[in-house]
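What follows is each chain in one-letter form.
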Amino acid sequence: MSDTETNPAATEAKSNGTVLIGNQFVKDLSFEAPAGPLGLGNLQEMPEISLDVDVGAGALREGVYEVTLAMKAEAKAEQQTLFLVELAYSGVFSVGEMPKDMIEPFLFIEAPRLLFPFARQIIATVTRDGGFPPLMLQPIDFPELYRRKRAGTVGTA
């Protein structure tokens, strides 16, 4: 049985070009705090926070793609790692009859933009539950990240 036979919304998406978001899920999550929140106790300087972001996408079947937003945030102070959080957050997207030349930009710009608020909340919750102030990430410039990915210079957001 095909997806459109079992899912009327998929039939509608295929006929009118609508994008549908299927499952969203945590693919991988890691949190490390070598000194625990006690590492904050005697700090003489504000922690430096680095953020690395990458987006990956792959076809699951025709017109259906999995997009993964991979984020790594590290807080350091006085040459000591306070915490390290790594998250791979994924979503399944049906693109309907989107023109072929628009699929890649959608997968690497719009799809991660839709996933970002959920990933942001997970990172804030994990850092808070780890005993630190919640890490509230600022919006990411996904068009610029896509441009750098195409140019082969992916790095810190």
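(A) Fine view of the pattern of salt bridges. All chains considered together, the criterion is met by 6 salt bridges. The shortest N-O distance in the salt bridge between D54 and K149 comes to 2.9 Å. With D54 in strand β2 (residues 48-61) and K149 in helix α4 (residues 142-151), the pair connects residues that are 95 residues apart, well separated along the chain. Its salt-bridge partner being R147, residue E144 comes within 2.6 Å of it at the nearest N-O pair.

(B) Quick look at the packing of aromatic side chains. Counted by the stated rule, this structure contains 7 aromatic pairs. Between the aromatic rings of F31 and F83, the centroid separation amounts to 6.1 Å while the plane-to-plane angle is 25 degrees, which identifies the pairing as stacked. Taken together, the residues span a long stretch of sequence, with F31 in strand β1 (residues 20-32) and F83 in strand β4 (residues 80-94) at a distance of 52 residues. Overall, F31 belongs to the partly exposed group, its relative accessible area being 28%. The exposure class of F83 is buried, given its relative accessible area of 5%.

(C) Spatial organisation of the sheet that holds β1. A sheet is described by the order of its strands in space; here 4 strands give the open sequence β1-β4-β3-β2, paired in antiparallel fashion. Each of the sheet's edge strands pairs with one partner strand only, and the pair in question is β1 and β2. Looking at each pair of strands side by side, their axes are set apart by 15 degrees on average, direction ignored. Direction of pairing for β1 relative to β4: antiparallel, over a ladder of 10 bridges. Paired with V26 across the strands is Y89, a residue of β4. Contacting β1, β2, β3 (64-77) and β4, helix α3 (residues 100-129) crosses the sheet at an angle of about 135 degrees to β4.

(D) Geometry of the pairing of β4. Burial within β4 is extensive, with 12 of its 15 residues counted as buried. Direction of pairing for β3 relative to β4: antiparallel, over a ladder of 14 bridges. The residue bridging A77 from the neighbouring strand is Q80, located in β4. Connecting the antiparallel pair β3 and β4 is a turn made up of 2 residues, with E78 showing a positive phi of about 50 degrees.

(E) Expanded view of the nonpolar core. Judged by nonpolar contacts, the single largest core of 37 residues is most densely connected at V53, L69, M71 and F142. Among the elements of the structure, β2, β3, β4, α3 and α4 are those that each provide at least two residues to this core. The greatest single-element share of this core, amounting to 12 residues, is contributed by α3. Leaving out residues up to four positions away in the same chain, M71 has contacts with L51, D52, V53, V85, E86, L87, F116, A119, I123, L137 and I140.

Rules used in this analysis
Residues numbered from 1 in each chain as written. Predicted model: local features only at pLDDT ≥ 70, side-chain atom pairs only at ≥ 80, totals over all residues. Heavy atoms only, no water. Salt bridge = Lys/Arg side-chain N within 4 Å of Asp/Glu carboxyl O. Helix = DSSP H or I, 4+ residues; strand = E, 2+ residues; numbered from the N terminus. Phe/Tyr/Trp six-rings, centres within 6.5 Å; stacked < 30°, edge-to-face > 60°. Buried < 20%, exposed > 50% of the residue type's maximum accessible area, 1.4 Å probe, protein only. Pairing = 2+ DSSP bridges. Axes fitted to C-alpha atoms, helices over the stretch in contact; angles between N-to-C directions. Contact = heavy atoms within 4.5 Å. Core = buried A, V, L, I, M, F, W, Y, C linked by side-chain atoms within 4.5 Å.

Structural measurements only, silent on function.
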